[in-house]
Amino acid sequence: MSTQDWILVAVEGLVVIGFIALGVRSGGVGLGLWGGVGTLVLVFVFGLDPGEPPISAILIIIAVVSAAAAMQAAGGVDYMVMVASKALRARPKALNFVAPYVSYLLTILTGTSNTFFSIIPVINEVAYANKIRPERALAGSTVANALGITSSPVAAAMATMLPLVEVYNYDLVDVLLITVPASLIGIFAMSLVMSRYGTELDADPEYQRRLASGEALPPAPPADIVLQPFAKRSVAIFLAGVVAICVFGFVEGIRPTVAAEGGGVEPMSVTPLIQMIMLTVAALILVFAHVKATDVPTTQIFRSGMIAMIALFGIAWMADTFIANNEDAIVQALGSLAENWPFMIAVAIFLVGGLTTSQSAATRTMVPLGLALGIGAGYMIAMWTAVVGVLFLPANGTQIAAAEADTTGTTNLGKRVVDHSFQVPLQICWVVTALAGIVIVWLFFGGHTPAPPVPTTTGP
Amino acid sequence: MRGPWLWVVVIVAGVVAVLGVTAIVGRDDNKNQTVSAGEWADSVCGSVAVWRGEIESIVDELRQPSATGSTGTTEPQSETPQSRTGFVRTGLERTVRATHTMITGVENAGVPDTPQGEQSANAISGWADATRNDLEDAQDSLDEEADTLADAIAQLTDAARAITGAVTSGVKAVADVGRTDPELAAALRDSSTCQELREETTS
């Protein structure tokens, strides 16, 4: 690429960052609208081909929000808040630790971070009812949720990773033996930091402003909650749906099969399954919890979910338009960085994840390069967890949904693009996880790839 | 020091720690260094096996462009003939990149400590240089706008030919090295990574 091409890529990148900044300043649906304007500028002014809008993610949000909103209309969210508050009565701040591990587990079981959408409202409500700064639990959970991809045997990124390291005698179990304990340590460190992060809720100026203006209602103490008659039933249906998604996600063999392109059949992807199951959950709640369909759109969860959907539509479309046209340049630049300075490989993985917003892309481009540079396969597995860098820019669906769900305003997408609520937990988490992974490999996997047998010398 | 700046310092310190630890544990490449025949064979086969895994994944995606993956990046509802062409192009670009990475890995395998080790390393290095140039030409060709349908097809076929040429000449280079250097041939036969690669190839 010529210098002129690089300058053009940089200017396009600045346009993307500029419109994200405009969007986060505008807030709410403004994020999506400015993202749409950014897409238009990239296509009409810079002549880029339009990227793909995140249709699957949008459809999942619609399905999950429908189910969660139906549950809220039935009083189920109140019931969950009561139960969680009772469980956390002695130590409410334990939520900052419990929520991230639950969201991490959900991703491991389903192989996708999309299931997290279903528990965002619950985490937010439990935190708020207990007067815990929602940002602490929500931001930590969002990061832990993304980290779960490298610990999930059924994730697409894992399917990309395994063929790269199998030849070095690292199978799925070995990979999990490195990534799971490292991630558990990383999440703990992150949760520890997050449990002390930011001011207490009552002292937060933005929250006070929202309270004064009526944008946020004071939290209802869990003891004052009056349960609706079918609240428990709606929760049971909702949780059964989440469990069903986890079971179908983890056990491929029980999924319905679909025709494979190359002939034969293959298990259906988890994505449409989530959509079907969550829409069914919503319908069952309407029937068995006696909720009026007209009540569902009036809930807070529905409102914030729809805002998140519009925000994701515009922002992710703009980001994909930039990335689809410049992925090669991004990978080439960061690949050269790692080629010249191999010790930068973990940072390069993190940045490729952040700039392409794709864990699979970061895996397939940077891991082979690290192996070619002579870094041991075990260490590459440890550093692979840096693909959690997809949250570096606030253009991910879960980030947007978490920020929208938090009516107190403590969870935000930042004012200068990179100063969002997820940045500190993200950085703490990936650094500690990568370091812990490296130590695990050093201690238990002998550092490098198992040494090959000494070759037998044969005569001419 | 309080507030955001404290976090910036903490984060920078953490990233520096990762860089430091990576510098310590990452053994770096063996380019121009003398290594045992077994280690050389292991590196070469490892690079080829990683490349093979990448190509398998690219071919799978080319065969199933509308697969409803969990990442949400490939959208069947939005696919158009234009994006399908782009997908083939993307697949070729990824293949060029993967092949480039494989060459880097093979080149970084070092100089085997066998009687003909130096010549073997030179032969591999010569192949790497020539192939890298061919791949860069192929990438440049893919980057250009095609004026006609014939030009567009020629671009894609030229790129595919460059990749095939890189692999064929690579296999020949390694085979030649094995022929002239029996110790390396034995190492290539006995290395666990090469055995793994052979098993994968024949399965």
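In case you missed it, the structure is sitting above this.
Here the structure is a predicted model, which means the values were calculated and not measured.

(A) Empty space enclosed by the protein, seen in detail. A full pass over the atoms with the stated rule returns 3 cavities of 30 Å³ or more. Looking at the largest cavity, its volume works out to about 160 Å³. A:Ile120, A:Pro121, A:Ile301, A:Ser304 and A:Ala405 are the residues nearest the centre of the largest cavity, which is lined by 17 residues in total. Per-element accounting of the lining of the largest cavity gives the leading share, 5 residues, to helix 13 (residues 300-340) of chain A. Of the residues that constitute the lining of the largest cavity, the class distribution is 11 nonpolar, 4 polar and 2 charged. As a volume, the second largest cavity reaches approximately 120 Å³. Lining the second largest cavity are 13 residues; nearest its centre among them are A:Arg364, A:Thr365, B:Glu54, B:Arg94 and B:Ala98. Among the elements of the structure, helix 8 (156-166) and helix 15 (359-372) of chain A together with helix 2 (37-63) and helix 3 (81-107) of chain B are those that each provide at least two residues to the lining of the second largest cavity.

(B) Structural context of the state of the cysteines. In the structure shown here, the tally under the stated rule is 1 disulfide over all chains. B:Cys45 shares a disulfide with B:Cys194; S-S distance 1.9 Å. One disulfide, between B:Cys45 and B:Cys194, carries an S-S torsion of 90° and so falls in the right-handed class. With B:Cys45 in helix 2 and B:Cys194 in helix 7 (residues 192-202), this pair connects stretches of sequence that are 149 residues apart. Pair check on accessibility: B:Cys45 and B:Cys194 agree, each one buried. Lacking any disulfide linkage, A:Cys246 is separated from the closest cysteine sulfur, that of A:Cys429, by 20 Å. Residue A:Cys246 is classed as buried on the basis of its relative accessible area, which comes to 10%.

(C) Quick look at the nonpolar core. In terms of nonpolar packing, the biggest core is built from 191 residues, with A:Met278, A:Ile285, A:Trp430 and B:Trp40 touching the most fellow members. With 17 residues, helix 13 of chain A is the largest single contributor of residues to this core. Among residues more than four places away in sequence, those in contact with A:Ile285 are A:Ala67, A:Ala70, A:Met71, A:Ala74, A:Ser234, A:Ile237, A:His290 and A:Val291.

(D) Spotlight on the environment of B:Ala175. All names here are of chain B. Its location among the elements puts Ala175 in helix 5 (residues 149-180). Among the residues examined, Ala175 registers a relative accessible area of 34% and is labelled partly exposed. Between the C-alpha atom of Ala175 and that of Ala185, which follows or precedes it by 10 residues, the distance is 8.2 Å.

(E) Main features of the pattern of salt bridges. Residue and element names in this part refer to chain A. Within the structure shown, the criterion is met by 12 salt bridges over all chains. In this structure, Glu135 and Arg133 form a salt bridge, with 2.8 Å as the shortest nitrogen-oxygen distance. When sorted by exposure, Glu135 lands in the same class as Arg133, which is buried. For Arg416, the salt bridge identified is with Asp419, shortest N-O distance 3.5 Å. Judged by relative accessible area, which is 30%, Asp419 ranks as partly exposed. Sharing partners across several salt bridges, the network here consists of Glu206, Arg209, Arg210 and Glu215.

(F) Expanded view of a nonpolar patch on the surface. Together, A:Val243, A:Val247, A:Phe250, A:Val251 and A:Ile254 give the surface a local cluster of nonpolar side chains, amounting to about 400 Å² of exposed area. Among the structural elements, A:Ile254 can be located in the loop between helix 11 (231-250) and strand 1 (257-259).

(G) Broad picture of the layout of surface pockets. If you add up the space inside the second largest pocket, you get close to 1600 Å³. A:Asn412, A:Leu413, A:Gly414, A:Asp419 and A:Ser421 are, among the 46 residues lining the second largest pocket, the residues nearest its centre. When residues of the lining of the second largest pocket are traced back to their parent elements, those giving at least two are helix 1 (3-26), helix 10 (205-213), helix 13, helix 17 (397-405) and helix 18 (423-444) of chain A together with helix 1 (4-25) of chain B. Among the elements that make up the lining of the second largest pocket, the one with the highest residue count is helix 1 of chain B (6 residues). Residues of the lining of the second largest pocket, tallied by class, amount to 16 nonpolar, 16 polar and 14 charged.

(H) Layout of a negative patch on the surface. On the surface, A:Asp5, B:Asp134, B:Glu136, B:Asp137, B:Asp140, B:Asp143 and B:Glu144 cluster together into a patch of negative charge. When residues of the negative patch are assigned to their parent elements, the largest contribution, 5 residues, is made by helix 4 (residues 117-143) of chain B. Mapped onto the secondary structure, B:Glu144 falls in the loop between helix 4 and helix 5.

(I) Just helix 7 (residues 134-147) of chain A, in detail. When the terminal C-alpha atoms of helix 7 of chain A are compared, their 20 Å separation across 14 residues agrees well with the 20 Å that a helix rising 1.5 Å per residue should span. Burial runs high along helix 7 of chain A: 14 of the 14 residues are buried.

(J) Spotlight on the side chain of A:Arg255. Residue and element names in this part refer to chain A. By the secondary structure assignment, Arg255 is in the loop between helix 11 and strand 1. Here Arg255 is buried and forms no salt bridge, its nearest opposite-charge partner Glu252 lying at an N-O distance of 4.3 Å. Reaching out from Arg255, the side chain makes a polar contact with the backbone oxygen of Phe248 at a distance of 2.8 Å. Here Gly249 takes part through its backbone oxygen, which lies 3.0 Å from a polar atom of the side chain of Arg255.

What counts as what
Residue numbers here run from 1 along each chain, matching the order of that chain's written sequence. Each chain is given a letter, starting from A, and each ligand a number, starting from 1, according to the order in which they appear as written. pLDDT decides what is reported in this predicted model: residues at 70 or higher carry local features, side-chain atom pairs at 80 or more are listed and counted, and totals for whole chains, interfaces and linings draw on all residues regardless. Computation of side-chain values covers all heavy atoms of the structure but excludes hydrogens and water. Whether a set of points on the 1 Å grid over the protein atoms alone is a cavity depends on a 1.4 Å probe fitting there but being unable to get out, while an open set qualifies as a pocket with protein on both sides within 12 Å along at least five of seven lines; lining residues are those with an atom within 4 Å of a point. Grid points are joined across faces, edges and corners, and a volume is the space filled by probe spheres set on the points. Each helix is a run of DSSP H or I of at least 4 residues and each strand a run of E of at least 2, with the numbering of both proceeding from the N terminus. Residue type decides the class: Asp, Glu, Lys and Arg count as charged, Ala, Val, Leu, Ile, Met, Phe, Trp, Tyr, Cys and Pro as nonpolar, and the leftover types, Gly among them, as polar. When two cysteine sulfur atoms are found within 2.5 Å, that pair is recorded as a disulfide. Three exposure classes are used, based on accessible area relative to the maximum for each residue type with a 1.4 Å probe and protein chains only: buried under 20%, partly exposed in between, and exposed over 50%. Put simply, buried Ala, Val, Leu, Ile, Met, Phe, Trp, Tyr and Cys residues joined by side-chain atoms within 4.5 Å make one nonpolar core. We call two residues in contact when some of their heavy atoms are within 4.5 Å. Salt bridge, as used here, is a side-chain nitrogen of Lys or Arg placed within 4 Å of a carboxyl oxygen of Asp or Glu. Exposure above 30% relative accessible area and no salt bridge define the residues that can form patches, which grow by joining like charges within 9 Å and nonpolar side chains of Val, Leu, Ile, Met, Phe, Trp and Tyr within 5 Å. Surface exposure here means Shrake-Rupley accessible area, sampled with a 1.4 Å probe, where a residue is shielded only by the protein chains that are shown. When charges are counted, Lys and Arg are positive and Asp and Glu negative, with His and the chain ends excluded. Every charge is mapped to an atom, namely NZ of Lys, CZ of Arg, CG of Asp or CD of Glu. The length a helix should cover is 1.5 Å for every residue beyond the first. Between N or O atoms, a polar contact is any pair within 3.5 Å; within protein, one atom must be a potential hydrogen donor and the other a potential acceptor, and residues adjacent in sequence are included only when both atoms are from side chains.

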